Amino acid sequence: MKTVSENRCFGGVQGVYTHASQSCGVDMTFGLFLPEEAKEGPVPVLWYLSGLTCTHENAMVKAGAQQWATEQGIALCFPDTSPRGEDVADDEAYDLGKGAGFYVNATQSPWAAHYRMWDYVGHELPELIAEGFAVDPDRQAITGHSMGGHGALTLAMGLKGRFRSVSAFSPICHPTQSDWGRKQLTAYLGTDESAWAAHDASLLMREVGFDGDVLIDTGTDDQFWDLLKTGAMAEAMAERRQAGQMRLQRGYDHSYFFVSSFIEEHVAFHAEALWR
C-alpha cells in the first residue's frame, strides 16, 4: 500500500492511498479519514459509497463529512466506484464501465476480468484497512449516494451482521425495473434476471430486510426521480414492517448540495448505532 497524500483535517487526518487489489486485478485508490481518537486505538468506521461518474474523491471533498465524523469520533472510508487502468474495459456512456461499477461482481465479458466491486468493497478493502489502520472491524456502518446508495443498501442486506446501520442519499432503489439498472445488470451479470435480484434493494427489503437502523433521504426535486424508483422501496419497507426512516426532503435535488445539507444527520445517525 502506498500513501498518495495525508492532510490534517478537523483535528484528524484525511489520507488517500493506493494498493494492488486482488479482487479487481489492478491498483485501486481509496480515501480514509481518521479522527484524533484513532491515535489511542481502533475507532468505528462509516463507509461512503459514491455514485455514477465519481471516484473516491467526490464525497471526500464535497460532502463535508469529516467535520461531523470528528465530533462523533468515527472514521470515514471512501472507496472508488470501479476499477481503473488502461487494461480495464470501458464504455463510451457515462453509466457503464469506469466510474459505474454498480457494486457487483461481473460475470460477463469483458467486465468479469476486473469489475468485482462487491468483493472489493465487501471483503478486500475492509480487511485491508483493519490490518493497516486503527479501525474497528466489529463496528461498521455504511452509506452512499445514488448508485452508491444502491450499493450501501444491497451490501447491508446482503452481508448479514456486517453493518450496524445503513443510510442512503437518493438511492437507486429498484434497479431491475429502472434504466439505471437494467442496462448495467445485463452488461455485468447477463440476461438471466434471476441473477439480478441480489442487487436490487427493494427486492432484498421484501425478502430479508435489515436487522439494524435504516435512514433514506431523497429530494422531492430530484431530477432523476423516475430512475430511482423511490416508491418501490417505500412499499417494500411498509410490506416488511421494516423499522427505519424514509424521508422526502422538500425542494432538494440529486446534487452534493443535497448530500452536504444532510450529511451531519446521517453521520450522527450512524454514530449512535456504532457506539451503542
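Below is a short write-up of the structure. (Residues numbered from 1 in each chain as written. Predicted model: local features only at pLDDT ≥ 70, side-chain atom pairs only at ≥ 80, totals over all residues. Heavy atoms only, no water.)

With respect to unusual backbone geometry
Here is the rule we go by: Numbered from the N terminus, helices here are DSSP runs of H or I no shorter than four residues, and strands are runs of E no shorter than two.
Residue Pro-110 is reached from Ser-109 by a cis peptide bond, and omega for that bond is 0°. Of note in the backbone geometry, Lys-229 takes a positive phi value of approximately 60° without being a glycine. Its place among the elements puts Lys-229 in the loop between helix H7 (225-228) and helix H8 (230-240).

Regarding the side chain of Ser-165
The condition that has to hold: Relative accessible area decides the class of each residue, using a 1.4 Å probe on protein chains only: under 20% of the type maximum gives buried, over 50% gives exposed, and in between gives partly exposed. What qualifies as a polar contact is a pair of N or O atoms within 3.5 Å, subject to a donor-acceptor requirement within protein and to the restriction that residues adjacent in sequence count only when both atoms come from side chains. Only heavy atoms enter the contact rule, under which two residues are in contact if any of them lie within 4.5 Å.
Turning to its location among the elements, Ser-165 is positioned in strand S7 (residues 165-169). The class for Ser-165 is buried, based on a relative accessible area of 0%. Engagement of the side chain of Ser-165 in a polar contact is seen with the side chain of His-270, the distance being 2.6 Å. With residues up to four places along the chain from it excluded, the contact list for Ser-165 reads Gln-140, Ala-141, Ile-142, Phe-210, Asp-213, Phe-269, His-270 and Ala-273.

Description of the packing of helix H3 (residues 117-132) against helix H4 (residues 147-158)
This is how the line gets drawn: A fitted line through C-alpha atoms represents every axis, and for helices the fit uses only the stretch in contact; the resulting angles, taken between N-to-C directions, go from 0 to 180 degrees. An angle counts as roughly parallel when it lies under 35 degrees, as roughly antiparallel when it exceeds 145, as roughly perpendicular when it falls between 65 and 115, and as oblique in every other case. In this scheme the handedness of a crossing depends on how the near helix is turned from the far one: anticlockwise by less than a right angle means left-handed, clockwise means right-handed.
Orientation of H3 relative to H4, taken along the N-to-C sense of each, is 60°, at an axis distance of 11 Å. Taken together, the axes of H3 and H4 lie oblique to each other. Between H3 and H4 lies a crossing whose hand is right-handed. Note on element contacts: H4 touches H3 through Thr-154, Leu-155 and Gly-158, opposite Trp-118, Val-121 and Gly-122.

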